[in-house]
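Listed below are the residues making up each chain.
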Amino acid sequence: MKKELTDHLGRTVIYDFPPKRIICLCPGITETLFAIGLENEIVGRTRYCIYPEAAKKVPAVAGTKDLQLDKIHAVKPDLIIMEKEENTEEMVETLAAHYPVYVAEVQTIDDAYRMITDMGHLTDRQKEADALTANIKQAFADLPALPAARVAYVIWKKPYMVAGKDTYINTLLQTIGFITPFADGSDRYPALTEEQFKEAKLDIVFLSSEPYPFKEKQQQQFQEMLPDSTIRLIDGEMFWYGARMLQGARYLKTYDFGF
């Protein structure tokens, strides 16, 4: 039967329900779809959708910022799921000319819960989605309270960029107790100078493993730049939203913050 839903951008999506041939172009959402029991319905993914292991068996039909239309047409999807930040508006418009496209938007932890719930409604997996959300909420509730340290989460080099306002990463840091001084501006991923890092009087600087793969060399460079701050490498995949939040909570529970 046909079903009509409104996606997170207010777009009306009309599609065959329940969908049987789904393409997902966001790694965190792809992992979530597998987690709620849609392994047989996923027929296309991005080359970055590598979790869970079973996802690698699904044809890669795009990147997060580029499409391979011939491969997309070949798998004949009846629904394509995208995400506002991960994918471009041009990609959405291109695919919507051919297929039903549902666009999610995740900027906060609450948005992540909403996304999981909506994936359940979208695909006829409400019970599974509700159970996943409940498990994630319990995992985060079990995290110990952390000191109100001033932190920066660095995602890029040349220029240095950090997670700022209206990002899932920032709300996660704030939820576990940290103060994020670079979230006060208007930019979601502000570019910073060395002087701005110094002026922020940071207690901890997290250097993420993605999208820029920070290593020990950059850790040492930051330590020389900010001798009074604790510099830590951190697994960026643990800051994905969706099903990965379960693993992320376990990771944060045992992570050495240097306190």
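These notes cover the structure that comes with them. (Residues numbered from 1 in each chain as written. Predicted model: local features only at pLDDT ≥ 70, side-chain atom pairs only at ≥ 80, totals over all residues. Heavy atoms only, no water.)

**Some words on unusual backbone geometry**
Next up, step 1: In this model, F17 is joined to P18 through a cis peptide bond whose omega is -5°.
Next up, step 2: One can find P18 in the loop between β2 (12–16) and β3 (22–24).
Next up, step 3: We note that D124 has phi near 65°; this positive angle belongs to a residue other than glycine.
Next up, step 4: Assignment of secondary structure puts D124 in the loop between α4 (109–123) and α5 (126–141).
Next up, step 5: Positive phi outside glycine occurs at D166, with the angle close to 60°.
Next up, step 6: Topologically, D166 is positioned in the loop between β9 (160–162) and α6 (168–175).
Next up, step 7: Given the relative accessible area of 36%, D166 is considered partly exposed. (Helix = DSSP H or I, 4+ residues; strand = E, 2+ residues; numbered from the N terminus. Buried < 20%, exposed > 50% of the residue type's maximum accessible area, 1.4 Å probe, protein only.)

**Some thoughts on the pairing of strand β11 (residues 204–208)**
Next up, step 1: Counting buried positions along β11 yields 5 of 5 residues, so the element is predominantly enclosed.
Next up, step 2: In β11, alternate side chains face the same way, and those of I204, F206 and S208 on one face and V205 and L207 on the other are all buried.
Next up, step 3: In the sheet, strand β8 (residues 151–156) pairs with β11 via 4 bridges, with the strands oriented parallel. Within β11, the residue paired with Y153 across the bridge is F206.
Next up, step 4: Summarising the sheet, β11 and strand β12 (residues 230–234) pair through 5 bridges and their orientation is parallel. Bridge assignment links L207 to a residue of β12, and that residue is L233.
Next up, step 5: Regarding topology, helix α8 (residues 216–225) serves as the crossover connection from β11 to the parallel β12, and that connection is right-handed. (Pairing = 2+ DSSP bridges. Right-handed = clockwise from strand over helix to strand, strands pointing away.)

**Quick look at α5**
Next up, step 1: The end-to-end C-alpha separation of α5 is 22 Å, in line with the 22 Å expected for 16 residues at 1.5 Å each.
Next up, step 2: Where α5 is concerned, the buried positions are A129, L132, T133, I136, A139 and F140. Taken around the axis of α5, the buried residues stretch over an arc of 125°, which confines them to a single face. Exposed residues pointing more than 90 degrees away from the buried face of α5 are listed as K127 and A141.
Next up, step 3: Buried residues along α5 sit in contact with α1 (27–35), α4, α6 and α9 (244–254). (Expected span 1.5 Å × (residues − 1). Arc of directions from axis to C-beta. Contact = heavy atoms within 4.5 Å.)

**Examining the packing of α4 against α5**
Next up, step 1: One way to put it is that α4 packs onto α5 with a least axis distance of 7 Å and a crossing angle of 165°. With respect to α5, the element α4 is oriented roughly antiparallel. Once α4 is placed against α5, the crossing between them reads as right-handed. Contacts between α4 and α5 pair Y113, I116, T117, G120 and H121 from the former with Q126, A129, D130, L132, T133, I136, K137 and F140 from the latter. (Axes fitted to C-alpha atoms, helices over the stretch in contact; angles between N-to-C directions. Parallel < 35°, antiparallel > 145°, perpendicular 65-115°, else oblique. Left-handed = near helix turned anticlockwise from the far one by under 90°.)

**Some details on the sheet that holds β9**
Next up, step 1: Pairing in this open sheet of 5 strands is mixed, and the strands run β10-β9-β8-β11-β12 from one edge to the other. Only two strands of the sheet have a single neighbouring strand rather than two, namely β10 (191–192) and β12.

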